[in-house]
Amino acid sequence: MINLIPKDNSNYLAAEDKLVTDAGMVYHNIEVDWQQPTMEDVAQFISIMERNNDKSILVHCALNYRASAFYYLYQLSQGVDHSDNAMSQALSPWGDLQQSFAKYPQWKRLIDEVRGKYQQ
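Rules and cut-offs
Residues numbered from 1 in each chain as written. Predicted model: local features only at pLDDT ≥ 70, side-chain atom pairs only at ≥ 80, totals over all residues. Heavy atoms only, no water. Helix = DSSP H or I, 4+ residues; strand = E, 2+ residues; numbered from the N terminus. Expected span 1.5 Å × (residues − 1). Buried < 20%, exposed > 50% of the residue type's maximum accessible area, 1.4 Å probe, protein only. Arc of directions from axis to C-beta. Contact = heavy atoms within 4.5 Å. Pairing = 2+ DSSP bridges. Core = buried A, V, L, I, M, F, W, Y, C linked by side-chain atoms within 4.5 Å. 1 Å grid on protein atoms, 1.4 Å probe; cavity = no way out; pocket = protein on both sides within 12 Å on 5 of 7 lines; lining within 4 Å. Points joined across faces, edges and corners; volume = space filled by probe spheres on them. Nonpolar A, V, L, I, M, F, W, Y, C, P; charged D, E, K, R; others polar. Salt bridge = Lys/Arg side-chain N within 4 Å of Asp/Glu carboxyl O.

Asks: Which parts of the structure should I look at to understand helix H2 (residues 39–51)?
Replies: Counted at 1.5 Å a residue, the expected span for H2 with its 13 residues is 18 Å, and the 18 Å between its end C-alpha atoms agrees. Where H2 is concerned, the buried positions are Asp41, Val42, Phe45, Ile46, Ile48 and Met49. The arc that holds every buried residue of H2, seen down its axis, measures 165 degrees, which confines them to one face. Exposed residues lying more than 90 degrees from the buried face of H2 are Glu40 and Arg51. Considering only its buried residues, H2 is in contact with strand S1 (2–3), strand S2 (28–29), strand S3 (59–60), helix H3 (65–77) and helix H6 (105–118).

Below, the structure written as structure tokens:
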């Protein structure tokens, strides 16, 4: 399981790591700051995903914005479709992407940077 919620976020469950490991699963927390998501966060996420590509992995956050974006960025790193249509489908929890990216330009910048890095 990968939790993308920072520990200081009100949606963070303090006992989640224990619950997950007690259930026999592996727990990772990447504290993705909503206001400043970084390439380092993405690199850490991709590394965890690649090390566990033979397993089912639950990725979550508070509202599925971080999770859907990070999974989309992982897909880009794996060479999947880079089209705007593919991005719209992967980021469907975000609703209207133009409006969302206007409201959250830090996420548009991050996505553009990762798309550029992995563009074929």
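Asks: It is not clear to me how the sheet that holds S3 should be interpreted in this structure. Could you clarify?
Replies: Backbone hydrogen bonds hold the strands of a sheet together, and the pairing may be parallel or antiparallel. Here we have three strands laid out as an open sheet, ordered S2-S1-S3, and parallel in their pairing. A single partner strand is all that each edge strand has here, and the edge strands are S2 and S3. Summarising the sheet, S1 and S3 pair through two bridges and their orientation is parallel. What sits directly across from Asn3, in S3, is His60.

Asks: What's the story with the nonpolar core in this structure? I'm lost.
Replies: Buried together is how nonpolar side chains tend to be arranged in soluble globular proteins. With 34 residues, the main nonpolar core has Leu4, Phe45, Leu91, Trp94 and Trp107 as its most contacted residues. Every element with two or more residues in this core is listed here: H2, H3, helix H5 (97–103) and H6. The contacts of Trp107, once residues within four sequence positions are left out, are Val32, Trp34, Pro37, Arg66, Ala69, Phe70 and Trp94.

Asks: Could you clarify how one ought to interpret the layout of surface pockets in this entry?
Replies: Over the atoms, a rolled probe matching the size of one water molecule traces out where space is still vacant. Each pocket or cavity is described by its volume, and for the largest pocket that value is around 220 Å³. For the lining of the largest pocket, a count of residues per class yields seven nonpolar, four polar and one charged.

Asks: Looking at this model, I keep getting lost on the environment of Asn11. Mind explaining?
Replies: Turning to its location among the elements, Asn11 is positioned in the loop between S1 and helix H1 (16–22). Spatially, the C-alpha atom of Asn11 lies 9.5 Å from that of Leu63, the residues being 52 residues apart in sequence. Those residues in contact with Asn11 that sit more than four places away from it in its chain are Ile5 and Ala62.

Asks: Can you walk me through the pattern of salt bridges in this structure?
Replies: The final tally for this structure, using the stated rule, is four salt bridges. A salt bridge links Lys18 to Asp22, with the shortest nitrogen-to-oxygen separation between them at 2.7 Å. You can see Lys18 and its partner Asp22 sitting in helix H1, four residues apart, about one turn around the helix. The same class applies to Lys18 and to Asp22, which are both exposed.

Geometric descriptors of this kind do not, in isolation, establish any biological role.
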